[in-house]
Amino acid sequence: MRILLLGASGYVGGALWSGLSARHAVVGTRSARPVPGLVRLDLRDGRALRDLLDTGFDLVVHAAGLVDLSDAERQPALAAQLNAGSVGTLREAVRPTGTRILLLSTDNVFDGTADTYTEGALRNPVNVYGRTKCAAEDALAEEDGHLVVRIPLVYGRSPFADRFMARFGGPRTPARTDVVCAPLYLPWLAGALERLWTRSGLLHLGGSEVVTRYALMKRIRDALALPTEVVPVQGDDPPPAPRRPARLVLRSAHHDLLGPDLDTALADLARGGRVRHP
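Summarised in this report is the structure supplied together with it. Here the residue numbers are simple positions, counted from 1 along each chain's written sequence. In keeping with the predicted nature of the model, local features appear solely for residues at pLDDT of at least 70, side-chain atom pairs appear and are counted solely at 80 or more, and the whole-chain, interface and lining totals rest on all residues. Hydrogens and waters are ignored; side-chain quantities use all the structure's heavy atoms.

With that out of the way, let us pick up the environment of Leu-6. Put simply, DSSP marks the helices as runs of H or I at least four residues long and the strands as runs of E at least two long, and each gets a number from the N terminus on. Mapped onto the elements of the fold, Leu-6 is located in strand 1 (residues 2-6). Partly exposed describes any residue whose relative accessible area lies between the buried limit of under 20% and the exposed limit of over 50%, with all areas from a 1.4 Å probe on protein chains only and scaled to the type maximum. Judged by relative accessible area, Leu-6 falls into the buried class, the value being 1%. Leu-6 sits 21 residues away from Val-27 along the chain, and the two C-alpha atoms are 8.5 Å apart. The contact rule is simple, with two residues in contact once any of their heavy atoms fall within 4.5 Å. Not counting chain neighbours up to four residues away, the residues in contact with Leu-6 comprise Thr-29, Leu-41, Leu-43, Leu-49, Val-60, Val-61, His-62, Ala-63, Ala-64 and Leu-90.

Here the focus is the state of the cysteines. What counts as a disulfide here is a pair of cysteine sulfur atoms lying within 2.5 Å. Here the structure, examined in full by the defined rule, presents 0 disulfides. We note that Cys-181 lacks a disulfide partner, and the nearest cysteine sulfur, in Cys-134, lies 19 Å from it. With a relative accessible area of 4%, Cys-181 lands in the buried category.

Moving on, we get to the packing of aromatic side chains. Each Phe, Tyr or Trp ring, with Trp reduced to its six-membered ring, pairs with another whose centre is within 6.5 Å; inter-plane angles below 30 degrees give stacked pairs, above 60 give edge-to-face pairs, and intermediate values give tilted ones. Applying the stated rule across the entire model yields 3 aromatic pairs. Consider the rings of Tyr-155 and Tyr-185, whose centres lie 5.6 Å apart with planes at 45 degrees: the pair is tilted. Of this pair, Tyr-155 sits in strand 7 (residues 154-155) while Tyr-185 is found in strand 10 (residues 184-185), placing the two residues 30 residues apart along the sequence. Residues Tyr-155 and Tyr-185 agree in their burial class; the two are buried. Aromatic pair Phe-164 and Phe-168: ring centres 6.1 Å apart, planes at 65 degrees, arrangement edge-to-face. Across the pair, exposure class does not vary: Phe-164 and Phe-168 are buried alike.

Another point: the sheet that holds strand 12 (residues 211-212). Pairs of strands are assigned from DSSP output, requiring at least two bridges between the strands. Strands sit in the order 12-9-14 across an open sheet of 3 strands; the sheet is mixed. Each having just a single partner strand, strand 12 and strand 14 (247-248) make up the two edges of the open sheet. Of the strand pairs in this sheet, strand 9 (residues 180-181) and strand 12 are connected by 2 bridges, and their pairing is antiparallel. Among the inter-strand pairings, Cys-181 is bridged to a residue of strand 12, identified as Val-211.

The structure is reproduced here in structure tokens:
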């Protein structure tokens with residue numbers, strides 16, 4: 001496959017770059033921050049995107065945008081441009097080429113009031129990031145043949161922007177005891193997408209275990225013997241901090257793929273593993 005990976009310099013995109021480049025011809029993009037081997041692209045520049053697509057691709061994986069919840073809350077217009085507007089631009093750009101799009105979306109399109117969420121669940125985002133990703137999904141749903149994959153909180157190492165592991169860098173690591181998730185081991189994601197990307201429509205991917213954020217962070221700290229104290233906290237920070245849905249557990253009605261259990265993933269993380277296939 002010849003793949004254009006938008007957002008290859010990011011946390012999720014970097015892991016996809018590592019996983020997919022070993023088996024496919026991947027052209028990755030970055031924003032302003034220099035990363036060797038990646039092509040600079042502003043998602044808002046439709047002409048530059050069309051010029052890049054003219055070189056010929058089978059698939060575009062869209063893993064770019066403003067993904068930090070707090071940044072999106074502070075800059076809603078920019079979040080709308082990068083997360084949703086870019087999908088409309090991309091959709092128009094690929095139309096004459098026949099290239100398919102795989103858009104990564106989020107569990108934050110839901111409000112966190114249900115026990116689990118499958119693909120048919122009603123969306124009801126409670127933060128700016130979730131609302132912009134709903135708009136991105138809607139922009140892609142206007143045409144057949146493309147695929148949206150919603151993913152939850154991901155954890156693990158990434159080569160260019162290891163922002164999840166950076167949370168353990170201080171003497172204290174706060175973690176919510178009242179936020180529940182089914183986290184996904186990031187190095188597993190590329191192989192899972194390969195198994196699903198011939199499909200179209202909407203799919204969910206989730207991890208096999210359901211834990212609080214506090215339990216997840218504590219188990220990672222323990223597995224890696226990191227010199228930080230994981231501190232239990234509760235409740236959202238005051239505005240303008242984003243609201244975080246209390247329980248986001250993604251499950252699929254269309255496939256049986258689930259990410260590895262925490263013990264398996266953390267053993268791999270402790271060995272320095274970066275790429276694992278489902």
